[in-house]
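Breakdown of the fold
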Protein chains: 2
Amino acid sequence: MRLKCTISYDGSQFSGYQVQPNKRTVQSELQEALSKLHKGQEVRVSGSGRTDAKVHAVGQVIHFDTFLEIPTDRWPVALNSLLPEDIFVTEAKVVDDHFHARFDAKAKEYRYRITQSGPRDVFKRNYSLYFPYALDKTAITDASSYLLGTHDFTSFCAARTDVKDKVRTIYEIDVYEEGTDLIIRFLGNGFLYNMVRIIVGTLLDAGQGLLQPSELKDIIVAQDRSLSGKTVPGHGLYLWKVYYDN
Amino acid sequence: MRLKCTISYDGSQFSGYQVQPNKRTVQSELQEALSKLHKGQEVRVSGSGRTDAKVHAVGQVIHFDTFLEIPTDRWPVALNSLLPEDIFVTEAKVVDDHFHARFDAKAKEYRYRITQSGPRDVFKRNYSLYFPYALDKTAITDASSYLLGTHDFTSFCAARTDVKDKVRTIYEIDVYEEGTDLIIRFLGNGFLYNMVRIIVGTLLDAGQGLLQPSELKDIIVAQDRSLSGKTVPGHGLYLWKVYYDN
């Protein structure tokens, strides 16, 4: 039987989602909890994609196979009792044996949080980028409009990646305030390695007048990582939701 | 020269404010940073009072003596550059050589945060008590009214304390909602060891109908810790502000 679970995690204390030797990762914590439930048997967990160190998830999706006969609505309770406090299973659902959290994902939503005003806040240090510089929100929105649609995003992809096809489609980018924070929300069919963080870094350059919004057009076409902005830190980033058919 | 500093800290990763052997504490981090600034010389820091493990501070106040000639407005910058990310100095002020952060404190404000609804939120696990049970806010407010004024608070003080005089005055207790959270705010001339956390535990009992608000009167008079409620966890508690004359 295959189960699809929606999970949330605070990325602060993780070296990212994916298993790495001698590192604390979300996947390894999940697999350890599942192994305990399965009397020591190894259970392989597949996620919708990796998230980097410090990156958070509100709605990451995973799947795994099980022989246990636990009622579906008891699965979150069973797993949460074995998981550390910074991972929480919000939902479990029995799915078709061919379902795949990564390959069946139709779209992903990411949000990036930026704190613009006030003194540095110790309670936000792991949850928002502190960026107390004047930003032109209209310039950010204008710049973001050039990224919408289907493009080769080589200019916005970290060099170390194995992915060949760098064409992705961004459906929506919203720039809005939440309290005193600025949120940049992305909806796309998929994102390359560090793509959201490089786009945010580039939009912050536009917001500071370091580049004109229309230059985004040329940066995309050039397919050259050196032309786009810095990769902003992971701790402001949230994998918000993964979309599937039905 | 004596300096008074207002500091904020995220208590999650601290074994409390006060120095303890082989533990990470706020005071020891402050003293270490100050010692670096003073070319290795030991600098003793005095706080307005201790906070326990996991307890946060928005406006803790400390004082220390220094021979350094740093302009007052540069002190926070100098200290923050040496302090870990979970402590932040918000303000520094030169004070009279007789000023004492603890003995001159006229009043203290604490806030306790309770998350009442929704599934467990990984992002709040260190910052709010998760308590998804029905609470009668009016009963909490009613119960709190009996605590106002000057009383012997023995019933609301942890057994392990050296303090003899357990008479304190509570000026204000407010019970209000902030978003989906319930906040209980305390203003008093001083608080005994664990006093706020035991009062909150008792008010939560009243909020659940486990005791009548008017029973608070008898609990105070009895001077018996076994009659009051549980000590709620430290991670929902914030030392919000310390008040001084001028």
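Residues numbered from 1 in each chain as written. Chains lettered and ligands numbered in written order. Predicted model: local features only at pLDDT ≥ 70, side-chain atom pairs only at ≥ 80, totals over all residues. Heavy atoms only, no water.

1. Some words on the overall build of chain A
Helix and strand counts for chain A come out as five helices and ten strands. With respect to the three principal axes, the spread of C-alpha positions in chain A is 60 × 40 × 35 Å. Buried residues in chain A amount to 54% of all 246 residues. Residue pairs at least 24 apart in sequence account for 71% of intrachain contacts in chain A once pairs closer than 6 positions are excluded. (Helix = DSSP H or I, 4+ residues; strand = E, 2+ residues; numbered from the N terminus. Buried < 20%, exposed > 50% of the residue type's maximum accessible area, 1.4 Å probe, protein only. Contact = heavy atoms within 4.5 Å.)

2. Remarks on the relation of the copies chain A and chain B
For the pair chain A and chain B, the best superposition has an RMSD of 0.0 Å and corresponds to a rotation of 180° with a translation of 0.0 Å parallel to the axis. Here the transformation between the copies is reduced to the relation of a two-fold axis. Closest approach to the rotation axis among the C-alpha atoms of chain A is made by Phe123 of chain A, whose C-alpha sits 5.3 Å away. The overlap is high: 100% of the interface residues of chain A also sit at the interface in chain B, so the same surface is used on both sides. (Least-squares fit on C-alpha atoms with pLDDT ≥ 70 in both.)

3. Notes on the UniProt feature "binding site: substrate" (unreviewed entry) in chain A
Under the feature "binding site: substrate" (unreviewed entry), the UniProt entry names Tyr110 of chain A. Excluding residues within four positions of it along the chain, Tyr110 of chain A makes contact with Arg50, Ile184, Arg185, Phe186, Phe191, Val196, Leu237, Tyr238, Leu239 and Trp240 of chain A. (UniProt positions renumbered as here; feature names shortened; annotations may be inferred.)

4. What to know about the pattern of salt bridges
Under the criterion given, the structure shown has 27 salt bridges over all chains. For Arg185 of chain B, the salt bridge goes to Glu109 of chain B, with nearest N and O atoms at 2.9 Å. Residue Arg185 of chain B is located in strand β9 (residues 181–188), and its partner Glu109 of chain B is located in strand β5 (residues 107–115); the two are separated by 76 residues in the primary sequence. By relative accessible area, Arg185 of chain B is classed as buried at 12%. A cluster of three or more residues bridged by salt bridges with shared partners is formed by Glu109, Arg111, Glu172, Asp174 and Arg185 of chain A. (Salt bridge = Lys/Arg side-chain N within 4 Å of Asp/Glu carboxyl O.)

5. Thoughts on the side chain of Glu29 of chain B
As for its position among the elements, Glu29 of chain B is in helix α1 (residues 26–37). Here Glu29 of chain B falls in the buried class, since its relative accessible area comes to 18%.

6. Points about the interface of chain A and chain B
Contacts between the two partners involve 18 residues from chain A, matched on the other side by 18 residues from chain B. At the boundary of chain A with chain B, total buried surface from both sides reaches about 1,600 Å², with 65% on carbon and sulfur atoms. Per-residue buried area on chain A facing chain B is highest for Val122, Phe123 and Arg125 of chain A; these three make up 42% of the total on that side. Here chain A and chain B share two salt bridges between them. Note that Asp10 of chain A is salt-bridged to Arg125 of chain B, the shortest N-O span being 2.8 Å. Applying the counting rule to chain A against chain B returns two residue pairs in polar contact (both at pLDDT 80 or more). Those elements that provide at least two residues to the side of chain A that touches chain B are β1 (2–9), β3 (56–65) and β4 (87–95) of chain A. A total of three residues in the side of chain A that touches chain B trace back to one element, the largest contributor, which is β3 of chain A. Among the residues making up the side of chain A that touches chain B, the classes are represented as ten nonpolar, three polar and five charged. (Buried area = accessible area lost by both parts, 1.4 Å probe. Polar contact = N/O pair within 3.5 Å; in protein donor to acceptor, adjacent residues only side chain to side chain. Nonpolar A, V, L, I, M, F, W, Y, C, P; charged D, E, K, R; others polar.)

7. Here's the deal with the domain arrangement of chain A
Residue and element names in this part refer to chain A. Each assigned domain of chain A is listed here: domain 1 (2–95) and domain 2 (107–243). Computed from C-alpha atoms alone, the centre-to-centre distance between domain 1 and domain 2 is 27 Å. At the junction of the two partners, domain 1 supplies 16 residues and domain 2 supplies 15 residues. Across the domain 1 to domain 2 interface the summed buried area is about 1,200 Å²; carbon plus sulfur atoms make up 54%. By the criterion of area lost to domain 2, the three top residues of domain 1 are Asp52, His56 and Val58, representing 41% of everything that side buries. (Domains from an automatic or database assignment.)

8. Here we look at the nonpolar core
Judged by nonpolar contacts, the single largest core of 67 residues is most densely connected at Phe64, Leu79, Leu147, Phe156 and Phe186 of chain A. Top contributing element to this core by residue count: helix α4 (residues 195–207) of chain A, with eight residues. Three or more residues apiece are contributed to this core by two domains, here domain 1 (2–95) and domain 2 (107–243) of chain A. Those residues within four positions of Phe64 of chain A in sequence are excluded, and the remaining contacts are Met1, Arg2, Leu3, Cys5, Leu34, Val43, Arg44, Val45, Trp75 and Leu79 of chain A. Listed in part, the 65 residues of the second largest apolar core include Leu3, Ile62, Ile140 and Ala206 of chain B. (Core = buried A, V, L, I, M, F, W, Y, C linked by side-chain atoms within 4.5 Å.)

9. Details of the packing of helix α3 (residues 137–145) of chain A against α4 of chain A
Residues and elements named next belong to chain A. It is the contact of α3 with α4, at a shortest axis distance of 8 Å, that shows an interaxial angle of 130°. Of the possible angle classes, the one that applies to α3 and α4 is oblique. Note that α3 runs across α4; the crossing there is right-handed. Residue-level inspection shows Ala139, Ile140, Ala143 and Ser144 of α3 in contact with α4, the latter providing Leu203, Ala206 and Gly207. In the contact of α3 with α4, the residues fall into five nonpolar, two polar and no charged. (Axes fitted to C-alpha atoms, helices over the stretch in contact; angles between N-to-C directions. Parallel < 35°, antiparallel > 145°, perpendicular 65-115°, else oblique. Left-handed = near helix turned anticlockwise from the far one by under 90°.)

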